[in-house]
Amino acid sequence: MTIKYDQNGLVPAIIQDATTKNVLMLGYMNEEAYQKTLATKQVTFFSRSKQRLWTKGEESGNILNLVDIKNDCDNDSLLIQVNPVGPTCHTGTDTCWKEVNNSNYGFFSTLENVIAERVANKDTKKSYVASLFSKGINKVAQKVGEEAVETVIEAMDNNDELFLYESADLMFHYLMLLQAKGFTLKDIEKELIGRHK
C-alpha cells in the first residue's frame, strides 16, 4: 500500500468500529507504527506528545484489534476498522466525541426510541403504541400476525404502493413486538451474525 506521509512522517488514521461503523478516534501513524499494527494486529500510533510509538491500550487494556486498513483516494489518510476492547477514549467514553458506540440502523433506531418513549409515558389516550402495549403482549403479537398476512396478500398483487404500505405496518408492529419481549434490532443482528458463515 502506498502511503503519503506528511512533512513530519505522519499520516492521520481514522479509527472506525468494524461492526457499528461509528468513528471512535483519530490518531497518527508513522511508517513504524503502521508496520507494527500490521504485524501485531493491534493498532499502534505515533504519539506526537510523547514522541514515541504507543499501542492503544498498552496501559488501560482497552485495545483496538485490527480488522482492515484502507487508504483514501489521495493516499494521505487511513481508515482503520477495528474491534475495540473497552472504551476507546482516554476519558473512559466509547468514542473521543463522547458518543455511545451502539449500532445505528438509521430511522429504525429512531423508531425504536420513539416506541420506547411512548411505552414509558403510558399515555394510552394520545399514543397508539402505549394503547396497544397496555393490552398485553398477546395483542401486540396478534397485530404483527395481521400485518404479516396483509403484507403477504399485497405481495401477490401488482400494487407496489400498497405492498410497501403494509410492509411498513408490519415492520412497525414487529419493532413493537421485539420491545414487548425485551429485545431490540441489536439482538436480531447478533442472532443473524451468529448464523452467518
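Residues numbered from 1 in each chain as written. Predicted model: local features only at pLDDT ≥ 70, side-chain atom pairs only at ≥ 80, totals over all residues. Heavy atoms only, no water.

*Asks:* Any chance you could explain the overall build of the chain here in plain terms?
*Replies:* The number of helices and strands found in the chain is six helices and six strands. Going from N to C terminus, the chain has its helices and strands arranged as β-β-α-β-β-β-β-α-α-α-α-α. Taken over the C-alpha trace, the chain has a radius of gyration of 23 Å; the compact-globule value for 197 residues is 16 Å, which it surpasses by more than 25%. Along the first, second and third principal axes, the C-alpha atoms of the chain reach 65 × 40 × 30 Å. Expressed as a percentage of its 197 residues, the buried residues of the chain come to 33%. Sequence-distant contacts in the chain: of pairs separated by 6 or more residues, those separated by 24 or more amount to 47%. Accessible surface for the chain amounts to roughly 12400 Å². Of this, 53% is attributable to carbon and sulfur atoms. Here the chain carries 22 positive and 27 negative side-chain charges, and the mean point of each set is 8 Å from the other. (Helix = DSSP H or I, 4+ residues; strand = E, 2+ residues; numbered from the N terminus. Rg over C-alpha atoms; globule rule 2.2 N^0.38 Å. Buried < 20%, exposed > 50% of the residue type's maximum accessible area, 1.4 Å probe, protein only. Contact = heavy atoms within 4.5 Å. Areas by Shrake-Rupley, 256 points an atom, 1.4 Å probe, with all protein chains shown as cover. Lys, Arg positive; Asp, Glu negative; His and termini not counted. Charge placed at Lys NZ, Arg CZ, Asp CG, Glu CD.)

*Asks:* Could you clarify how one ought to interpret unusual backbone geometry in this entry?
*Replies:* For K21, which is not a glycine, the phi torsion comes out positive at approximately 70°. Within the element layout of this structure, K21 appears in the loop between β1 (11-17) and β2 (23-29). In this structure, K122 takes a positive phi of about 55° despite not being glycine. Tracing the chain through its elements places K122 in the loop between α2 (107-121) and α3 (128-134).

*Asks:* Any chance you could explain the side chain of E166 here in plain terms?
*Replies:* Tracing the sequence through the fold places E166 in helix α5 (residues 160-180). Buried within the structure, E166 lacks any salt-bridge partner; K143 is the closest side chain of opposite charge, at an N-O distance of 7.8 Å. The contact partners of E166, leaving out residues within four places of it in the chain, are E147, E150, T151 and E154. (Salt bridge = Lys/Arg side-chain N within 4 Å of Asp/Glu carboxyl O.)

*Asks:* Any chance you could explain the side chain of N22 here in plain terms?
*Replies:* Within the secondary structure layout, N22 lies in the loop between β1 and β2. A distance of 2.9 Å separates a polar atom in the side chain of N22 from a polar atom in the side chain of N101. In this structure N22 touches I15, Q16, D17, V100, N101 and N102, once residues within four positions along its chain are discounted. (Polar contact = N/O pair within 3.5 Å; in protein donor to acceptor, adjacent residues only side chain to side chain.)

*Asks:* Can you walk me through the sheet that holds β2 in this structure?
*Replies:* Within a sheet, each strand pairs with its neighbour through backbone hydrogen bonds, oriented either parallel or antiparallel. One open sheet accounts for four strands, arranged β2-β1-β6-β5; its pairing is mixed. The sheet terminates laterally at β2 and β5 (64-71), the two strands that pair on one side only. Strand-to-strand, the axes of this sheet are offset by a mean angle of 30°, without reference to chain direction. As judged from the six bridges shared by β1 and β2, these two strands associate in the antiparallel manner. The residue bridging A13 from the neighbouring strand is G27, located in β2. Each of β2, β5 and β6 (78-84) touches helix α1 (residues 31-40); the most contacted strand, β5, lies at about 120° to it. (Pairing = 2+ DSSP bridges. Axes fitted to C-alpha atoms, helices over the stretch in contact; angles between N-to-C directions.)

*Asks:* Could you clarify how one ought to interpret the pattern of salt bridges in this entry?
*Replies:* Where charged atoms from two side chains of opposite charge come close, those side chains can pair. Following the criterion strictly, the structure yields five salt bridges and no others. A salt bridge links K143 to E146; its shortest N-O distance comes to 3.7 Å. Taken as a pair, K143 and E146 lie in helix α4 (residues 137-155) at a separation of three residues, close to a single helical turn. A salt bridge links R195 to E191, with the nearest nitrogen and oxygen atoms 3.1 Å apart. Taken together, the residues R195 and E191, both in helix α6 (residues 185-195) and four residues apart, mark about one turn of the helix. Given the relative accessible area of 56%, R195 is considered exposed. Through salt bridges with shared partners, a single network forms among K143, E146 and E147.

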